[in-house]
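Single-letter residue listing:
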Amino acid sequence: QERPDARWSIVTTLRGSMVDGLRAGLFDLVVCDAHDEDLASLPLMREPLHIVLAHDHPLVGEGPLRPPDLAGVPYVSLHRGMGTPIEAQRFFAAGAGSPMPSVEVSDTRLVLELVTMIRGFGIVPHSALTGNDSIVAVDTDPRLDRQISLLRVAGRTPSTAATSFA
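Residues numbered from 1 in each chain as written. Predicted model: local features only at pLDDT ≥ 70, side-chain atom pairs only at ≥ 80, totals over all residues. Heavy atoms only, no water.

Colleague: Is there a simple way to think about the nonpolar core in this case?
Modeller: General note: in soluble globular proteins, nonpolar side chains tend to be found buried as a group. Residues Ile51, Leu53, Leu65, Leu70, Phe92, Phe121 and Ile123 are the most contacted members of the largest nonpolar core, which totals 15 residues. Secondary-structure elements contributing two or more residues to this core are β2 (39-54), α2 (84-93) and β5 (121-125). If you look at the next biggest cluster of nonpolar residues, it comprises 12 residues, including Met82, Val105, Leu114 and Ile135. (Core = buried A, V, L, I, M, F, W, Y, C linked by side-chain atoms within 4.5 Å. Buried < 20%, exposed > 50% of the residue type's maximum accessible area, 1.4 Å probe, protein only. Helix = DSSP H or I, 4+ residues; strand = E, 2+ residues; numbered from the N terminus.)

Structure below.
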């Protein structure tokens, strides 16, 4: 209401596409997890990430889980263009290194479905947990979370819409 001339739209896509679009000038701002030094970042919140397992998986009740606990368990990963796998790599660095994903998908709902189908594990943001009784979220050691931030290209003069939003 303060700036009726400001126009904006919301686009949802993979994190990598958002950041590429931001750098190319297609977007003024993006909201996602921040890992890029050439982007100015305004932290908004931290969101926990959880390992998800089928409700009857042998590791349920063994938490918090550490990287070695997951050795040999099929890994259903979110696509590399998303931010969660970046945090997952940091988690696995505390153990024997990142496992090779059995499957990569671009939707957290698919992670939840495939985890039950192939008896594997996935790592998803807390906001993706839907109350699905066939899935159990397990805490990790070390704790996993992601920083959600408002990003813009550092050194680029913000547009009127970006200034009104931020």
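Colleague: Can you help me understand unusual backbone geometry in this one?
Modeller: Where the residue is not glycine, phi is negative for most of them; where a peptide bond is considered, it is trans in most cases. For the bond running from Asp141 to Pro142, omega is 5°, close enough to zero to count as cis. Inspection of the secondary structure assignment puts Pro142 in the loop between β6 (135-138) and β7 (145-153). We note that Arg119 has phi near 60°; this positive angle belongs to a residue other than glycine. Take Arg119: it is sitting in the loop between α3 (108-118) and β5. Owing to a relative accessible area of 35%, Arg119 belongs among the partly exposed residues under this scheme.

In short, geometric facts, not functional conclusions.
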